[in-house]
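Reading the structure
This is what each chain is made of:
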Amino acid sequence: MTSTWRTRAECDSPELTDEHLDDLHAWWRAANYLSVGQIYLLNNPLLRKPLHRDDVKPRLLGHWGTTPGLNFLYAHLNRVISERHQKALYITGPGHGGPGLVASNYLDGVYTDVYPEITRDEAGLQRLFNRRHPLPCRARDAGLHP
């Protein structure tokens with residue numbers, strides 16, 4: 001049986017440089033910030049003024065505990081897919097890690113492609129942080145969620 005995954009030696013840039021690691025770390029930090037913003041921030045998305053209690057959402061949607069790990073995996077899977085020209089699909093379960101996946105898709109630009117009103121500027125961040133990601137209609141209609 002042969003592997004469909006290319007090894008590091010077979011890829012175009014087999015060396016993982018300090019610059020590449022710095023870029024991965026910056027991506028991870030940005031994705032984590034965007035995730036925290038979706039979970040906690042109601043206003044002031046770039047924290048241009050001191051954080052005030054009115055900037056924090058009264059009801060939190062999402063869970064921080066799962067998010068950094070999901071963001072870490074997304075960043076490194078992106079690296080592997082790009083370097084090795086892999087075909088891959090990142091599947092996660094439904095639940096509280098959603099802000100992490102939305103954050104990574106926002107950083108990729110894919111989220112804005114699908115939701116053009118969520119622009120890649122401060123106004124778009126405000127809309128992203130205040131956006132409710134509704135359950136599919138069937139779940140609401142079946143009484144599975146209020």
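The structure presented is a predicted model; accordingly, all values stated were derived computationally and were not measured. (Residues numbered from 1 in each chain as written. Predicted model: local features only at pLDDT ≥ 70, side-chain atom pairs only at ≥ 80, totals over all residues. Heavy atoms only, no water.)

A few words on the confidence of the model for the chain. As a note on interpretation, predicted positions should not be read in detail where pLDDT is low. When the pLDDT values of the chain are averaged, the result is 83; 80% of them are 70 or greater. Least confident of the elements in the chain is helix H6 (residues 137-141), whose mean pLDDT is 42; most confident is helix H5 (residues 122-130), at 96. Every residue in residues 134-146 scores below 50 in pLDDT, and together they form 6 contacts with partners more than four places removed in sequence or on other chains. (pLDDT = per-residue confidence, 0-100. Helix = DSSP H or I, 4+ residues; strand = E, 2+ residues; numbered from the N terminus. Contact = heavy atoms within 4.5 Å.)

Let us now look at the packing of aromatic side chains. Enumeration over the complete set of coordinates arrives at 4 aromatic pairs. Seen from their ring centres, Trp28 and Phe72 are 6.3 Å apart, and the 85 degrees between their planes marks the pair as edge-to-face. One end of the pair, Trp28, is in helix H1 (residues 18-40); the other, Phe72, is in helix H2 (residues 67-84), with 44 residues separating them in the sequence. Judged by its relative accessible area of 43%, Phe72 falls in the partly exposed class. (Phe/Tyr/Trp six-rings, centres within 6.5 Å; stacked < 30°, edge-to-face > 60°. Buried < 20%, exposed > 50% of the residue type's maximum accessible area, 1.4 Å probe, protein only.)

Moving on: the nonpolar core. Formed by Ala31, Leu34, Leu41, Val102, Ala103, Tyr106, Tyr111, Ile118, Leu125, Leu128 and Phe129, the largest nonpolar core amounts to 11 residues. Those elements that provide at least two residues to this core are H1, helix H3 (98-108) and H5. (Core = buried A, V, L, I, M, F, W, Y, C linked by side-chain atoms within 4.5 Å.)

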